[in-house]
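Chain and residue survey
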Amino acid sequence: MIFGIDLGTTNSLIAYLKDGVPTPIPNVFGEFTTPSVVALDENNEILVGRNARERLYTAPRQSVASFKRLMGSTEQIALGKRHFRPEDLSALVLRSLAADAEAHLNERVEEVVISVPAYFNDTQRKATRLAGELAGLSVKRLINEPTAAALFHGIADREDDATFLVFDLGGGTFDVSILERFSGVMEVRATGGDSFLGGDDFTEMMMRLIAEQLALPPKKRTEPKIASALRFAAESAKRALSEDKEAEVQLPAALGGSVFRIAASDYESACSGLLQRLRSPVEQAMRDARLQLAGLAEIVLVGGATRMPMIRRLAAQLFGRLPARYPDPDQTIALGAAVCAGLVGRDAAFEEMVLADVCPHSLGTSVSERDARGTMIGDIFLPIIERNTVVPASRVKTVQTVADFQEKLRIDIYQGESRQCSKNVHLGGMEFTIPLEKAGEVKADIRYTYDVNGILDVDIDIGRAGISKNLLIKKLSGDVSEEEIERRRLELAELKVHPRDQEQNRLLLESGDRLYEHLLGDERQFVGSWLDEFRAVLERQDPREIKAAGDALKDRLAALERGGAW
Ligand code: ADP
Ligand code: MG
């Protein structure tokens, strides 16, 4: 079986086709979303998901989040004494999802489809694929997130041609994609958005409101303990307002322990600036796709933050109609990836029909030309596969030497839309030694093949020099070789990961520690002694006793976790 994975900036999810129905798989805590957070515990064991997210609050230096933003870069992320590349951290999240699915279904997870933002470039896609390989998974396909959303809602396989918009508001990013279904081909017509606007900004607005009500001076608000308590309370209040017109949240001790009340209407007016910022990317994408509102057949809301009623209302205003209501907008992409996995696994003909995607950026090479007066100008972009070409695509262009007795021919690969190569993204390149001949005598055929995963392969044929070479951009762009993947995979596999069967107990301790910090007086003393007792039980290693004590502690903590949608 092939599994579908939404590897999100904030949350990740794994899903599969259960008797043909896309179904999310719960993690060890019985939850469908797993926070994309990695942390180290005091024994230097790796924690992934909810426990790691708890540590974002209690041990911020030992935990990292939002590394999807860095995918495709060579940045190193410090975690304890070690450094990780973004794809290493993503691999740890993938492994955790796979382990949850294996435990739930009692079946090995080997093959997966992973979704990526439509605007991800070649390097970011390769990093995602690499993350899969580092996790020991075989990545059968990368699918654009909006395409996955369309697949899940069955928009992809309807008969008529139509255009629709996917409005995805996650934790830290806002993505707008306009897709067109045309003769069974799905095309991403335009993408836009704001990569620094998401649900977290709405949490921050709530933090501000709480801080204002408590009259906290600005300097105080940024103290780590205060800031983390504010964030925690704000997230709870924000989620409560997705359900009710009013929220009531017990504030942590660091904030004085009083109760914070807020009405949805007040919160919404405070957020009006954020709502305003959501408008322009939508309008821009519509302009790019040369679309009028009336031309949109459907609007799909995706992402956890679209659970907020004000976002649904904004969408209704923007599009002049109510968006379809889907109960779990944060599961859409994973469920769509599972549909894609089913298609990839089964019927190739069907797959071609509904899954044809397009390449989001033009791919080409650099050439020199003589202008009208015969002066040589370089750095000119020669597109080989143009933006929005339906993939898989294979195109060839021929270039030739421009100077007499040229010794070398350099072939570079660029991605972008500018006529000046230096303004586009350089993906790789290579220099060839060629026979000394007159200008134009030595010709090179450059073939670009862009596959359904958005990965580029380049074949270069220089007949006169007897050169026929396959350029794997992977290697050329200073990226990783097979041996290196294997080495890094083993390194990751050797990391001590916190045992899955102890995650539940771990969560009790982590959230207990956080509660201890949040509460005051007697309640705090209770929590402290319960945790000590539980630690003593864990030491004795009697599974039955641990289970009973764990269940009891869970109920006790839950009773104190007021307003805690966390
Ligand atoms: P990503 O695509 O970034 O991984 P998600 O689609 O999981 O993110 O969305 C995460 C965001 O959704 C967070 O900002 C979270 O606060 C927000 N969110 C989740 N559930 C709710 C809710 N019930 N009400 C309001 N916001 C929510
Ligand atoms: Mg997402």
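Keep in mind that this is a model prediction, so the values were computed, not measured. Each chain carries its own residue numbering, running from 1 in the written order of its sequence. Chains carry letters and ligands carry numbers; both start at the beginning, A for chains and 1 for ligands, and go up in the order they are written. Reporting of local features is limited, given that this is a predicted model, to residues whose pLDDT is at least 70; pairs of side-chain atoms are given and counted only at 80 or more, and all residues count toward the totals for whole chains, interfaces and linings. Hydrogens and waters are ignored; side-chain quantities use all the structure's heavy atoms.

All right, on to the side chain of glutamate 180 then. Helical segments are the DSSP runs of H or I of at least four residues, strand segments are the runs of E of at least two, and each set is numbered from the N terminus. Following the sequence through the fold, glutamate 180 ends up in strand β13 (residues 174-182). Pairs of N or O atoms are called polar contacts if they sit within 3.5 Å, as long as, within protein, a hydrogen donor faces a hydrogen acceptor (for residues adjacent in sequence, only side-chain-to-side-chain pairs). At a separation of 3.3 Å, a polar atom in the side chain of glutamate 180 contacts the side chain of arginine 189. Those residues in contact with glutamate 180 that lie beyond four places of it in its chain are Ala162, Thr163, Val185, Met186, Glu187 and Arg189. Should any heavy atoms of two residues lie within 4.5 Å, those residues are considered in contact.

Quick look at the sheet that holds β13 now. Reading across the sheet, the four strands line up as β14-β13-β12-β17 and stay open at both edges, with mixed pairing between neighbours. The open sheet has two edge strands, β14 (185-194) and β17 (296-302), and neither has a second partner. In this sheet, adjacent strand axes meet at a mean angle of 20° when their direction is disregarded. By this definition, two strands are paired if DSSP reports at least two bridges between them. Direction of pairing for strand β12 (residues 162-169) relative to β17: parallel, over a ladder of six bridges. In the sheet register, phenylalanine 167 faces β17, and the bridge partner there is leucine 301. Fitted lines through C-alpha atoms give the axes, limited to the stretch in contact for helices. The angle between two N-to-C directions lies from 0 to 180 degrees.

Between buried and exposed lies partly exposed: a residue is buried under 20% and exposed over 50% of the maximum accessible area for its type, with that area taken using a 1.4 Å probe on protein chains only. Within helix α4 (residues 145-152), seven of the eight residues are buried, leaving the element largely enclosed by the surrounding structure. All of the buried residues along α4 are Glu145, Pro146, Thr147, Ala148, Ala149, Ala150 and Leu151.

Here strand β10 (residues 111-116) lies mainly inside the structure; five of its six residues are buried. Sheet topology places strand β1 (residues 2-7) next to β10; five bridges connect them, and they run parallel. Within the sheet, the bridge partner assigned to phenylalanine 3 lies in β10 and is valine 112. Across six bridges, β10 lies against strand β11 (residues 138-144) in parallel orientation. Within the sheet, the bridge partner assigned to isoleucine 114 lies in β11 and is leucine 142. A crossover connection joins β10 to the parallel β11 through helix α3 (residues 122-134); in handedness this β-α-β unit is right-handed. By convention, orient the strands away from the viewer: a clockwise path from the first strand over the helix to the second makes the crossover right-handed.

Moving on, we get to the side chain of serine 90. Residue placement: serine 90 occurs in helix α2 (residues 86-105). A relative accessible area of 3% places serine 90 in the buried class. Setting aside residues up to four positions removed in sequence, serine 90 forms contacts with Leu7, Phe67, Met71 and Ala131.

Positive phi outside glycine occurs at serine 66, with the angle close to 60°. With respect to the element layout, serine 66 can be found in the loop between β7 (63-65) and β8 (77-79). Phi is positive for glutamine 541, which is not a glycine, with a value near 60°. Of note, glutamine 541 is situated in the loop between α16 (521-540) and α17 (543-560). Overall, glutamine 541 belongs to the exposed group, its relative accessible area being 62%.

Further remarks concern the packing of helix α5 (residues 199-213) against helix α9 (residues 272-288). Between α5 and α9, whose axes approach to 10 Å, the crossing angle comes to 160°. Relative to α9, the element α5 lies roughly antiparallel. Viewed along their axes, α5 and α9 form a crossing whose handedness is right-handed. Facing Asp201, Phe202 and Met205 of α5, the residues of α9 in contact are Leu274, Leu275 and Leu278. In this count, Pro and Cys sit with the nonpolar residues alongside Ala, Val, Leu, Ile, Met, Phe, Trp and Tyr, while Asp, Glu, Lys and Arg are called charged and the others, Gly among them, polar. In terms of residue class, the contact of α5 with α9 is built from five nonpolar, no polar and one charged. Here the angle decides the label: under 35 degrees means roughly parallel, over 145 means roughly antiparallel, 65 to 115 means roughly perpendicular, and every other value means oblique. The handedness criterion is simple: a crossing whose near helix is rotated anticlockwise from the far helix by less than a right angle is left-handed, and one whose near helix is rotated clockwise is right-handed.

Each domain's extent was defined by an automatic or database domain assignment. Under the domain assignment used here, the protein contains domain 1 (1-153 + 329-351), domain 2 (159-325), domain 3 (363-465) and domain 4 (503-562). In this structure, domain 3 and domain 4 have C-alpha centres spaced 64 Å apart.

By size, the foremost hydrophobic cluster in this structure holds 51 residues, and its most contacted members are Leu165, Phe167, Phe202, Met206 and Tyr267. Not counting residues up to four positions away in its chain, the partners in contact with phenylalanine 202 are Leu169, Lys238, Tyr267, Cys271, Leu274, Leu275, Leu278, Met308, Met310 and Ile311. We call a set of buried Ala, Val, Leu, Ile, Met, Phe, Trp, Tyr and Cys residues a nonpolar core when their side-chain atoms join them within 4.5 Å.

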